[in-house]
Amino acid sequence: MTPLSRTQAFHTALADGREIVYFDRAPGVDRGAQDERDLPTARTTAQVRWNPLFGDYVGIASHRQDRTYKPPADLCPLCPSRDGKQTEVPADDYEVVVFENRFPSFSLNSADVVPRVDESPFRSAPGAGRCEVVCFTSDHDRPFSQLSVEHARTVVDAWGDRTTALSVFDSIDYVFCFENRGEEIGVTLGHPHGQIYGYPFVPPRFSTFGEALEHHREHHDRCLQCELLEAECADGSRIVVASDHWVAYVPFAARWPYEVRLAPRRHVPDLPALTDDERDDLAATYLTVLKAFDGLFDTPTPYISGWQQAPVRQYRDAWHLAAEVFTIRRAPGKLKYLAGSESGAGVWVNDVQPEAAAARLRGDA
């Protein structure tokens, strides 16, 4: 059992050898329940292939075609194991739990079974990363936005703990904590959950971000994100919520109809670097942001939320932690499709003025 600042973490294993970690606020919770399923030892092949034309990687994980797809609620694999039904979580209840994905996009054991290819112009390598599932609550019908502040704080601790744990692996270069919410996003399991990807490379978007931060620091001797926070706070028109330690705002050049950037006032590289006070404040502020998204429409808002942390080995001094939350819904019953300009040319056209989006998220319009 590993003690965190406010949370106890208990590590054990599932029947096929995958790691599972329970996170609890209360000390001494019994997490000795065993996975009684008859599962073969987890062995997954994943590959990354290099695209020399655009300078990025593509993951190849054909086994994911067999992953669980929209099961009925009474067969949810993320609920606790109860009433004789065995799930991915052996315990009959939990607060927050994290386990290795059974159908991962990247897997550390790929390094043992997937060959490398280096025959110009073709280059590929094992997808030696790691993918984990984060169940935010045992309650199948309670979204993240409806958690208590104390419960949300446990999730924050889990994100920080797993970021530290995955950063230890030599093959992992970037740890990305994220949540997909809503069928419009493509979610196939309705239980409130997110994921953590340990990528065997730095995703191109974050590499570009790191280069921009590094360049600004070298030429202006200060952090670009710190400068943007000051400018957004001074302007005020795009601020959604501001607390003692965090600022949530709609970016001046927002790509999505409703998009929020949540950043700490203090310059820190990642979630593990946050203090207790910053984590407490984050739990409350993040819930405020999610509630603001759910207040946009008459039905629950589909969204993607992701933490932009410093890469494991690059840009760490220049990096400023932030979360990005956005929805693909632009109006009731209407989605923002990534069509020709966005998908084909990479040029985004936003249908909603950022200042108007911020006003709606604040409840002013």
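Our subject is the structure listed above.
Predicted, not measured: the structure shown is a model, and the values here were computed from it.

Caption draft 1: Fine view of the nonpolar core. If you look at the biggest cluster of nonpolar residues, it comprises 51 residues, and the most contacted ones within it are Phe-144, Trp-159, Leu-282, Trp-307 and Leu-361. If one sorts the elements of this core by residue count, helix α5 (residues 276-294) sits on top with 8 residues. If we skip the residues at most four places from it in the chain, Phe-144 touches Phe-136, Ala-152, Val-155, Trp-159, Glu-179, Tyr-286, Leu-287, Leu-290 and Tyr-303. Counting 18 residues, the second largest nonpolar core, distinct from the first, contains Val-48, Tyr-174, Val-202 and Ala-310.

Caption draft 2: Molecular detail of the side chain of Glu-95. Note that Glu-95 resides in the loop between β5 (56-60) and β6 (96-100). In contact with Glu-95, not counting residues within four places along its chain, are Phe-23, Asp-24, Arg-25, Arg-31, Cys-135, Phe-136, Thr-137, Ser-138, His-151 and Thr-154.

Caption draft 3: Spotlight on the pairing of strand β11 (residues 193-199). With 7 of 7 residues buried, β11 lies mostly within the body of the structure. In β11, alternate side chains face the same way, and those of His-193, Gln-195, Tyr-197 and Tyr-199 on one face and Gly-194, Ile-196 and Gly-198 on the other are all buried. Two elements, strand β9 (residues 130-135) and β11, share 6 bridges in a ladder whose sense is antiparallel. Paired with Cys-131 across the two strands is Tyr-197, which belongs to β11. Of the strand pairs in this sheet, strand β10 (residues 174-181) and β11 are connected by 5 bridges, and their pairing is antiparallel. For Val-175, the partnering residue across the bridge sits in β11 and is Gly-198.

Caption draft 4: Expanded view of the environment of Arg-362. Checked against the element boundaries, Arg-362 lands in helix α7 (residues 354-362). For Arg-362 and Tyr-69, which are 293 residues apart along the polypeptide, the C-alpha to C-alpha distance reads 36 Å. When residues no more than four places from it in sequence are discounted, the contact partners of Arg-362 are Gly-236, Ser-237, Arg-238, Ile-239 and Val-240. Among the polar contacts listed, one links the side chain of Arg-362 to the side chain of Asp-364, at a separation of 2.7 Å.

Caption draft 5: The side chain of Ser-305, seen in detail. Within the element layout of this structure, Ser-305 appears in strand β15 (residues 303-308). If near-sequence neighbours (up to four positions away) are discounted, Ser-305 is found in contact with Cys-177, Phe-178, Glu-179, Tyr-286, Glu-324 and Val-325.

Caption draft 6: Expanded view of the packing of aromatic side chains. A complete count under the given rule lists 22 aromatic pairs for this structure. A ring pair is formed by Phe-106 and Tyr-199, whose centres lie 5.5 Å apart and whose planes are at 65°; its orientation type is edge-to-face. With Phe-106 in the loop between β6 and α1 (110-113) and Tyr-199 in strand β11, this pair connects stretches of sequence that are 93 residues apart. Ring geometry for Phe-144 against Tyr-286: centres 5.2 Å apart, planes inclined by 90°, an arrangement best described as edge-to-face. In this pair, Phe-144 sits in the loop between β9 and α2 (149-167) while Tyr-286 sits in helix α5, placing the two residues 142 residues apart along the sequence. For Phe-144, a relative accessible area of 1% translates into the label buried. Grouping aromatic residues by their ring pairs yields a cluster made of Trp-50, Tyr-57, Phe-106, Tyr-174, Phe-176, Phe-178, Tyr-197, Tyr-199, Phe-201 and Phe-206. The residue whose ring lies beneath Arg-255 is Trp-348, and the NZ or CZ to ring-centre distance is 4.3 Å. Looking at Arg-329, its charged tip hangs above the ring of Phe-297, at a distance of 5.2 Å from the centre.

About the criteria used
- Residues numbered from 1 in each chain as written.
- Predicted model: local features only at pLDDT ≥ 70, side-chain atom pairs only at ≥ 80, totals over all residues.
- Heavy atoms only, no water.
- Core = buried A, V, L, I, M, F, W, Y, C linked by side-chain atoms within 4.5 Å.
- Buried < 20%, exposed > 50% of the residue type's maximum accessible area, 1.4 Å probe, protein only.
- Helix = DSSP H or I, 4+ residues; strand = E, 2+ residues; numbered from the N terminus.
- Contact = heavy atoms within 4.5 Å.
- Pairing = 2+ DSSP bridges.
- Polar contact = N/O pair within 3.5 Å; in protein donor to acceptor, adjacent residues only side chain to side chain.
- Phe/Tyr/Trp six-rings, centres within 6.5 Å; stacked < 30°, edge-to-face > 60°.
- Lys NZ or Arg CZ within 6 Å of the ring centre and 35° of its normal.

This is a description of form; function is not addressed.
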